[in-house]
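Breakdown of the fold
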Amino acid sequence: MFAKNINLISEELFYALTGALAVFIILEIAWPGVVLAYININWVLILWLAIGIVILITKDNST
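Residues numbered from 1 in each chain as written. Predicted model: local features only at pLDDT ≥ 70, side-chain atom pairs only at ≥ 80, totals over all residues. Heavy atoms only, no water.

Once that is clear, we can look at the environment of Ser10. Within the element layout of this structure, Ser10 appears in helix 1 (residues 2–30). Since its relative accessible area comes to 8%, Ser10 is described here as buried. The sequence separation of Ser10 and Ile55 amounts to 45 residues, and the corresponding C-alpha distance is 6.1 Å. Excluding its chain neighbours within four sequence positions, the residues that come into contact with Ser10 are Ile51, Val54 and Ile55. (Helix = DSSP H or I, 4+ residues; strand = E, 2+ residues; numbered from the N terminus. Buried < 20%, exposed > 50% of the residue type's maximum accessible area, 1.4 Å probe, protein only. Contact = heavy atoms within 4.5 Å.)

Rendered as structure tokens:
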């Protein structure tokens, strides 16, 4: 049950970070420097990748 909760939270965070990265990329294309002045996208990408790995590790293989 604990792994199922971790998987559910990880999936929601993964979806949120994917949407945030898409928005950040669009903003950077439209106005160069507007996102990079405030947010280090490298840390967002590392967190996105780590959560993706957690999802793969905690995924229920019975389905």
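We are not done yet, so read on.
With eight residues, the main nonpolar core is built from Leu17, Leu21, Phe24, Val35, Ile41, Val44, Ile51 and Ile55. Ranked by residues supplied to this core, first place goes to helix 2 (residues 41–58) with four residues. Here Val44 is in contact with Leu17, Leu21, Phe24 and Ile39, once residues within four sequence places are set aside. (Core = buried A, V, L, I, M, F, W, Y, C linked by side-chain atoms within 4.5 Å.)

Moving on, we get to the packing of aromatic side chains. Following the criterion strictly, the structure yields two aromatic pairs and no others. Their ring planes at 65 degrees and their centres at 6.5 Å tell us that Phe14 and Tyr15 sit as a pair that is edge-to-face. The exposure class of Tyr15 is exposed, given its relative accessible area of 53%. Taking the centre distance of 5.3 Å and the plane angle of 15 degrees together, the rings of Phe14 and Trp48 count as stacked. One end of the pair, Phe14, is in helix 1; the other, Trp48, is in helix 2, with 34 residues separating them in the sequence. The class for Phe14 is partly exposed, based on a relative accessible area of 22%. A residue is classified by how much of its surface remains accessible, and Trp48, at 28% relative accessible area, is partly exposed. Aromatic rings pair up to connect Phe14, Tyr15 and Trp48 into one cluster. (Phe/Tyr/Trp six-rings, centres within 6.5 Å; stacked < 30°, edge-to-face > 60°.)

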